[in-house]
Amino acid sequence: TTNGGQNWTQIATIPNSGQFREIRYQPGNSSIVHAACSNGYYKSVNGGATWTQKVSGNVTGLDLPNTASNIVIITKRNDGVYKSNNTGDNFSRLNNYPLTGSNFKTASVSLAYSNNNYIYVSASGNDGLTKGQHRSTDGGSTWQDRTWKNGSGQVIQIHGTNGQGDRNNCIGVSPTNPDLVIVGGVDGIRTTNGGLNWAYIPLNIGTVHDDFCVVKWRNNGSSVYLGTDGGISI
């Protein structure tokens, strides 16, 4: 739409994109649009009228800074984390990320807008179960294991015992505090110290199940919205 939703036109120029998972405008340049799709990462340079595939494969996560920057981060299914330093034209695999293959089927990614060197990833495996949460503080060169585990060292399953990591998988870092992070699966968890400690998020929405699909913060960090199978919480 170009008139605020009064009229819509189907985009017929996206070649074999598959399912759309995330769409983001480039801050400072609304002509550039990024899309994470089940058949790749796609980029538009004319406000979404036409699109070009830049990365093949199943892209499950996408994030970029909220200010003018050339950085784009994506997660690619059964592969790993990729980073672009030229606004999505080319990507390099972040080979030091510790999970890959069957332990990295679906993953979500979030940049800390207050410090773009901070990157958080939450991943589930081919079985749909939680495989881990990881953090980088140097733009993806090295990674810290921030996986929530019990006293026996077992990963705590936030994606449910049946494994719903393929559809309930999201993460969001506070735009003003790089240590405040929310991760969603079947359950939601929250950290205030960069993943050293986690706690469940009590939504108190009664009998409606609260499978998490999206986490979105206000730009000033004053509040956060959670989109779940039970509705929207703030």
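Refer to the preceding data block for the structure.
Summarised in this report is the structure supplied together with it. Model, not experiment: these values are computed from the prediction. Note that residues are indexed from 1 along each chain, following the sequence as it is written. Under the rules for a predicted model, residues below a pLDDT of 70 receive no local features and side-chain atom pairs below 80 are neither given nor counted, while totals for whole chains, interfaces and linings still include all residues. Computation of side-chain values covers all heavy atoms of the structure but excludes hydrogens and water.

Section: the packing of aromatic side chains
So, point 1. Pairing of aromatic rings covers Phe, Tyr and the six-membered ring of Trp, with a centre-to-centre limit of 6.5 Å; geometry is then stacked below 30 degrees between planes, edge-to-face above 60, and tilted otherwise. Under the definition given, this model contains five aromatic pairs.
So, point 2. For the ring pair Tyr-97 and Phe-104, a centre distance of 5.4 Å and an interplane angle of 65° mean the geometry is edge-to-face.
So, point 3. Measuring from ring centre to ring centre gives 5.0 Å for Tyr-97 and Trp-143, while their planes differ by 90°; the resulting arrangement is edge-to-face. Of this pair, Tyr-97 sits in the loop between β8 (92-93) and β9 (106-111) while Trp-143 sits in the loop between β11 (130-136) and β12 (144-145), and the two are 46 residues apart along the sequence. Exposure class is identical for Tyr-97 and Trp-143. Each is buried.
So, point 4. Three or more aromatic residues joined by ring pairs form one cluster here, namely Tyr-97, Phe-104 and Trp-143. In this text, helices come from DSSP runs of H or I with a minimum length of four residues, and strands from runs of E with a minimum of two, each type numbered from the N-terminal end. Relative accessibility thresholds used throughout: buried, under 20% of the residue-type maximum; exposed, over 50%; partly exposed, between the two (1.4 Å probe, protein chains only).

Points about the pattern of salt bridges
When their charged atoms lie close together, side chains carrying opposite charge are able to pair.
So, point 1. Criterion for a salt bridge: a side-chain nitrogen of Lys or Arg within 4 Å of a carboxyl oxygen of Asp or Glu. Tallied over the entire structure, the rule returns twelve salt bridges.
So, point 2. Linked by salt bridges that have partners in common, Lys-43, Lys-54 and Asp-89 make up one network.

Concerning the sheet that holds strand β17 (residues 212-217)
Think of a sheet as strands paired side by side through backbone hydrogen bonds, with each pair either parallel or antiparallel.
So, point 1. Here, a strand pair is defined by DSSP locating no fewer than two bridges between the strands. Strand order in this open sheet of three strands is β17-β18-β19, and the pairing throughout is antiparallel. The sheet is open, and its two edges are formed by β17 and β19 (231-233), each paired on a single side. Strand-to-strand, the axes of this sheet are offset by a mean angle of 20°, without reference to chain direction.
So, point 2. Where strand β18 (residues 224-228) lies against β19, three bridges are found, and the strand directions are antiparallel. Across the sheet, residue Thr-228 finds its bridge partner in β19, namely Gly-231. Fitted lines through C-alpha atoms serve as axes, helices being fitted only where they are in contact, and the angles separating the N-to-C directions of these axes extend from 0 to 180 degrees.

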